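Take a look at the letters that make up each chain.
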Amino acid sequence: MAGGVWGRARGTPVGALTLTALAEGIRASQGQPMRPPSKGPQSEPEPEPEAEPVHVAAREPCSPPHAQEPAPEGLSQAPESFGKEGALADLALYTAACLEEAGFAGTQTTALSLSSALEAQGERLEDQVHALVLGLLAQVPSLAEGRPRRAALRVLSALALEHAQHVVCALLPCSLPLDRAAAELWRSLSRNQRVNGQVLVQLLWALKGTAGPELEALAATRALGEMLAVSGCVGATRGFYPHLLLVLVTKLHEMARGTRSPDTSKVWTLSHQGPPHSHASCTVEALKALLTGDGSRMVVTCMEQAGGWRRLVGAHTHLDGVLLLASAMVAHADHHLRGLFADLLPRLRSSDDTQRLTAIAFFTGLLQSWPTARLLREEVILERLRAWQGDPEPTVRWLGLLGLGHLALNRGKVRHVSALLPALLGALSERDARLVGAALGALRRLLLRPRAPVRLLSTELGPRLPPLLDDARDPVRASAVGLLGTLVRRGRGGLRVGLRGPLRKLVLKSLVPLLLCLHDPSLDAAESSEWTLARCDHALQWGLLEEMVTVAHYDSPEALSRICHRMVHWYPSHVPRFLSQTQGYLRSPQDHLRRAATVLIGFFVHHTSPSHVNQDLLDSLFQDLGQLHSDPQSAVVAAAQVSSQQVALLARAQGPRHRLCHPHLRPRQARAARPPPVYPDSPFRRRSVAGRWGSSTPG
């Protein structure tokens, strides 16, 4: 019905016309009698200040103002043969009459007038909303700025006041892609405080996708971005702000995992230009607008600085982004935490994986806020977190570990140790690197708290931590080394006076891996090892800090020789363990590690007394070093030859019964004092200082 009139009007100059004049033009084009023009100044009324609502309410809402112009004839006495276009002309006339009364209740008056006009023709307004919205969408670009365009937008607001769902359903198909006309209509709805809340609720339901296809949700995301970007619109979300935020974040998770309907990709290819990731960008912009409009600009800034927005849209990093967002909101938007926490609880048991995992990540992050965590009894939260440790999904167990750490440490002291430690220690044997990393991080934070259980952790970590120092995963290896350094730092007082027996054993058991880790290609692992060795030197008063730093940065054989000499002198009973541990690295697939282990064996053997090493160990060392003589890496071969000579010298020093055959060893040389080993420069020298700081060397 409306399509003909709007199409006819497109051909007429409507630049400066009001809707009243447009209606008169339509009536004239149909050969219908024009209404007599109003005489006097009322024919072209001047803009008036907004009237109080009481003045508009005192008048019959469906009647045009008598003081300005008479009601159009023929509307109340319309013949049965009156055509549809004539009815629309009367509709436009009634609309204009209401719009000319510039009052606060103009939107409501317009809606009543539109409804009355259609009822007079035997029509219902809700049946014509779709046609009217499409007509407005077609006409707005050609209307002049000022009163004509404002009048058309007021009609849209009037429709949305009573029929928000129909207006949103009509506009959504025109919002993907979003052109300037559709964007202007969404922004006009956002500026009207009488209707923007209703429209946002309808967009929220469309975004959730409960009753429509996926593309409808994507169009709703674009519309939300336009509306929320208008100043003051976010205030209309007061009753459902947490729900809207969680829906947007969950929608990003769905996009990242590619959970779309089967026909979505086909429709996308036909309907849109550009890659699908633009929808994720649109959702991120809607989130930014929602946070910024609420005064949480610092949350947006923190997410940008930490790379949180990029993580949110990644398939494998989305939950990391959710954790960053939760942390930023704990720090800078705590006025929404209670609402978020309450809205998260039912989602934790959702059958939808994306919704459940996003909710669990948010729940875990919010536990950093003690006032928010107090909304539930601690026993209830602990029971839920412990239950997640038995979940078959590793991601749920990982998030549960993070939550246990937050809950136990968020009041500046260690609590719930009996519930926390079994879960953290059990996670150290997990295959998932995230679980191991989360457990190591939580244990380190636990050690940083006052009255941390240092002795208990030293005992429990004794058999568990050394294997992680050699883990193949760089982050796990670096975190394990750092945890050892933190443990030594907290227990240094007892180590100095000869206490902390379990911790001392753990340090000596970890000495060889720490020395070899100084040459680790992972910068984090190497720097963590250097820091941990410095903590050990300070706690045990070795006086080797300069040597350790020199080995770490310059790969100095002289400094490494002095370290080995001190270790052999102070801990002679541990020398066989040092050699056996180092021997295991001779079979490493990494070239730098095989050479470093070979050199370390040479220095340990050189400084060792013949009485501290048995013949079986020397035979085993000599055999393994001999196999390295055919190593494909020439630097390893050269180092193995020097170390083999040192082993043979030590065996010869034990007496005639313990002679090992070495091709480069002369009998007279074997009986003389053992010369120090001399190794050629390593090709695996540590990165320069410039390289460590990310600077490029000049070419």
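Values in this document were obtained by computation on a predicted structure and should not be read as measured data.

Cut-off values and rules
- Residues numbered from 1 in each chain as written.
- Predicted model: local features only at pLDDT ≥ 70, side-chain atom pairs only at ≥ 80, totals over all residues.
- Heavy atoms only, no water.
- Phe/Tyr/Trp six-rings, centres within 6.5 Å; stacked < 30°, edge-to-face > 60°.
- Helix = DSSP H or I, 4+ residues; strand = E, 2+ residues; numbered from the N terminus.
- Buried < 20%, exposed > 50% of the residue type's maximum accessible area, 1.4 Å probe, protein only.
- Expected span 1.5 Å × (residues − 1).
- Patch = residues over 30% accessible without salt bridge, like charges linked within 9 Å, V, L, I, M, F, W, Y side chains within 5 Å.
- Areas by Shrake-Rupley, 256 points an atom, 1.4 Å probe, with all protein chains shown as cover.
- Salt bridge = Lys/Arg side-chain N within 4 Å of Asp/Glu carboxyl O.
- Lys, Arg positive; Asp, Glu negative; His and termini not counted.
- Charge placed at Lys NZ, Arg CZ, Asp CG, Glu CD.
- Axes fitted to C-alpha atoms, helices over the stretch in contact; angles between N-to-C directions.
- Parallel < 35°, antiparallel > 145°, perpendicular 65-115°, else oblique.
- Left-handed = near helix turned anticlockwise from the far one by under 90°.
- Contact = heavy atoms within 4.5 Å.
- Nonpolar A, V, L, I, M, F, W, Y, C, P; charged D, E, K, R; others polar.
- pLDDT = per-residue confidence, 0-100.
- Polar contact = N/O pair within 3.5 Å; in protein donor to acceptor, adjacent residues only side chain to side chain.

Our focus in this paragraph is the packing of aromatic side chains. Per the stated rule, a full pass over the model turns up four aromatic pairs. Centroid distance Phe341 to Phe363: 5.2 Å. Interplanar angle 25 degrees. Geometry classified as stacked. Of this pair, Phe341 sits in helix H18 (residues 337-344) while Phe363 is found in helix H19 (residues 353-366), placing the two residues 22 residues apart along the sequence. Of the residues examined, Phe341 reaches a relative accessible area of 1% and is grouped as buried. Ring geometry for Phe578 versus Phe604: centroids 5.4 Å apart, planes at 20 degrees, classification stacked. Within this pair, whereas Phe578 is found in helix H33 (residues 575-584), its partner Phe604 is found in helix H34 (residues 591-607), the two being separated by 26 residues in sequence. The exposure class assigned to Phe604 is buried, which follows from its relative accessible area of 0%. Aromatic ring contacts, followed pair by pair, group Phe341, Phe363 and Trp388 into a single cluster.

Another point: helix H22 (residues 394-409). The end-to-end C-alpha distance of H22, which contains 16 residues, comes to 23 Å, matching closely the 22 Å that a straight helix rising 1.5 Å per residue would cover. With 15 of 16 residues buried, H22 lies mostly within the body of the structure.

What follows is about helix H9 (residues 180-191). In an α-helix, one turn spans 3.6 residues, which is why side chains three or four residues apart end up on the same side. With 12 residues, H9 extends 16 Å from end C-alpha to end C-alpha; this agrees with the ideal 16 Å at 1.5 Å per step. Across the 12 residues that make up H9, a large majority, nine, are buried. Within the span of H9, buried status applies to Ala181, Ala182, Ala183, Glu184, Leu185, Trp186, Ser188, Leu189 and Ser190.

This brings us to a positive patch on the surface. A contiguous patch of positive charge on the surface is contributed by Arg444, Arg489, Arg490 and Arg492. Considering the arrangement of structural elements, one finds Arg444 in helix H24 (residues 433-447).

As a further point, take the pattern of salt bridges. Summed over the entire model, instances satisfying the criterion amount to 17 salt bridges. Lys288 is the partner of Glu304 in a salt bridge, and the nearest nitrogen-oxygen pair spans 3.8 Å. Of this pair, Glu304 sits in helix H15 (residues 297-305) while Lys288 is found in helix H14 (residues 277-293), placing the two residues 16 residues apart along the sequence. Glu547 serves as the salt-bridge partner of Arg562, at 3.3 Å between the closest nitrogen and oxygen. Placement of the pair is Arg562 in helix H32 (residues 557-570) and Glu547 in helix H31 (residues 545-554), with a sequence separation of 15 residues.

Take the packing of helix H23 (residues 417-427) against H24 next. Two elements in contact, H23 and H24, have axes whose closest approach is 8 Å; the angle formed by their N-to-C orientations is 135 degrees. Viewed along their axes, H23 and H24 adopt a mutual orientation that is oblique. Along this stretch, H23 crosses H24, giving a crossing that reads as left-handed. Taking contact as the criterion, the partners of Leu420, Leu421, Leu424, Leu425 and Ala427 in H23 are, on H24, Leu435, Val436, Ala439, Ala442, Leu443 and Leu446. Residues belonging to the contact of H23 with H24 are distributed by class as follows: 11 nonpolar, no polar and no charged.

In this section: the confidence of the model for the protein chain. When pLDDT is low, close inspection of the predicted coordinates is not appropriate. On average, the protein chain scores 77 in pLDDT, and the residues at 70 or more come to 72%. Here helix H3 (residues 53-57) is the element of the protein chain with the lowest mean pLDDT, 30, and H33 is the one with the highest, 96. Below a pLDDT of 50 lies the segment residues 99-104, which in the model reaches 23 contacts outside its immediate sequence neighbourhood of four places, other chains included. This stretch, residues 259-277, has a pLDDT under 50; its non-local contacts, to residues over four places away or in other chains, come to 17 contacts.

Inspection of the secondary structure puts Asp631 in the loop between helix H35 (615-627) and helix H36 (634-653). Its relative accessible area of 13% is what places Asp631 among the buried residues. Within the structure, the side chain of Asp631 is placed 2.9 Å from the side chain of Arg594, a separation counted as a polar contact. One polar contact links the side chain of Asp631 to the main-chain amide nitrogen of Gln633, over a distance of 2.8 Å. When neighbours within four sequence positions are excluded, Asp631 is seen to be in contact with Arg594, Val636 and Val637.

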